[in-house]
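Inside the fold
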Amino acid sequence: MARSTVRPDDQDRLQDQDVTRRLLGSAAKLSYDPVTEVDWDTPLDKDFHGASPEWSTLYGTAYWAELTEAQRKELTRQEAASVASTGIWFEMILQQMVLRDIYTTDATDPRFQWALTEIADECRHSVMFARGAAKLGAPPYRPHRAVVELGRVFKTLAFGEAAYAAILVAEEVLDVMQRDWMRDERVVPFVRTINNIHVVEESRHMKFARDETRRRLRDAGPLRRRVGAFVIAAASYFIVTSMVSRNVYANAGLDPRRALAEARANEHHKSLMRSSCSGLMDFLASARLLTRPALALYRRANLI
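What counts as what
- Residues numbered from 1 in each chain as written.
- Predicted model: local features only at pLDDT ≥ 70, side-chain atom pairs only at ≥ 80, totals over all residues.
- Heavy atoms only, no water.
- Salt bridge = Lys/Arg side-chain N within 4 Å of Asp/Glu carboxyl O.
- Helix = DSSP H or I, 4+ residues; strand = E, 2+ residues; numbered from the N terminus.
- Buried < 20%, exposed > 50% of the residue type's maximum accessible area, 1.4 Å probe, protein only.
- Contact = heavy atoms within 4.5 Å.
- 1 Å grid on protein atoms, 1.4 Å probe; cavity = no way out; pocket = protein on both sides within 12 Å on 5 of 7 lines; lining within 4 Å.
- Points joined across faces, edges and corners; volume = space filled by probe spheres on them.
- Nonpolar A, V, L, I, M, F, W, Y, C, P; charged D, E, K, R; others polar.

1. Some words on the pattern of salt bridges
Under the definition given, this model contains 22 salt bridges. For R210, the salt bridge goes to E172, with nearest N and O atoms at 2.4 Å. Here the residue R210 occupies a position in helix 8 (residues 189–216), and E172 occupies one in helix 7 (residues 160–183), the gap between them amounting to 38 residues. The class for R210 is partly exposed, based on a relative accessible area of 24%. Put simply, D184 and R186 hold a salt bridge, and the shortest N to O gap is 2.7 Å. Taking relative accessible area as the criterion, D184 reaches 11% and is therefore assigned buried. Salt bridges sharing partners connect three or more residues here, namely D101, R111, E212, R215 and R216.

2. Points about the environment of T117
Within the secondary structure layout, T117 lies in helix 5 (residues 110–135). Along the sequence, T117 and A27 sit 90 residues apart, while their C-alpha atoms lie 7.9 Å from each other. In this view, T117 contacts L24 and A27; residues no more than four positions away in its chain are not counted.

3. Focus on the layout of surface pockets
The space that makes up the largest pocket amounts to roughly 980 Å³. Around the largest pocket, the lining is made up of 36 residues, and of these V240, T241, S242, M243 and V244 lie nearest the centre. Looking at the lining of the largest pocket residue by residue, the classes come out as 18 nonpolar, 12 polar and six charged. Every residue lining the second largest pocket is counted, 22 residues in all, and those nearest its centre are F154, A158, A162, V231 and A235. Listed by contribution, the elements that provide at least two residues to the lining of the second largest pocket are helix 4 (69–102), helix 6 (145–157), helix 7 and helix 9 (222–241). Among the elements that take part in the lining of the second largest pocket, helix 9 stands out by supplying nine residues, more than any other. Per-class residue counts for the lining of the second largest pocket are 18 nonpolar, two polar and two charged.

See the structure below:
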């Protein structure tokens, strides 16, 4: 029997290229232009929620029970806008990390071309989220200043599996909640369209992030895995805890102190976050990235 002349490293490279070629083919067939796909012209209908009410940080609390339907809808609109704004913040970090990663790579490689395709997708998504937040009648929401500055450090220094796994965490958490929102007829139609576009296009990004995380970890030793696991968990903690700004409560006309206290103690929302991240945690476990310090941070963020 003839032996294969393809070396293992070459075989891995060919497999990686095959994955990215398929992603490029998918992007060519199934991509959207939010400028034309989303109904930007119809005025906001305040009879709708901005997100599925079950995903509200106050759903299931005593405060939620006291709110009128109009107040609940305004709250979910503000929360949806805050999630979109956090998405923009992290997508800008993502774009810089990916550009830095491919800066000196072979431009003829399908991975290089896919990376630019992903960046183009993220640029469109950020514009789409920005317009969506504005249409929801929300002010600009930003993470806490300290988190913004930590983001500067992370996007400058993170590399390899730490960068791509952190990208995956942000995309996975958004993906689960947006799949619920896009199917929910209680959610304002233009937000459902935005969520549908994001879910379809981000499915390719998540596939790439998983593959890149596995690829970067092929030759990683125990120390590198431990450091990477902690960096990924820390990034995940700050991303998830920044999704809903504390300012949404005042902007929705609620008592911010009471709302924040009840949101922090809301077991329904914590349970929803944990269940939505079960697949993600399975992946991180399979990649041996759930070390004790990392698990402590995931638990603190209610992701496990």
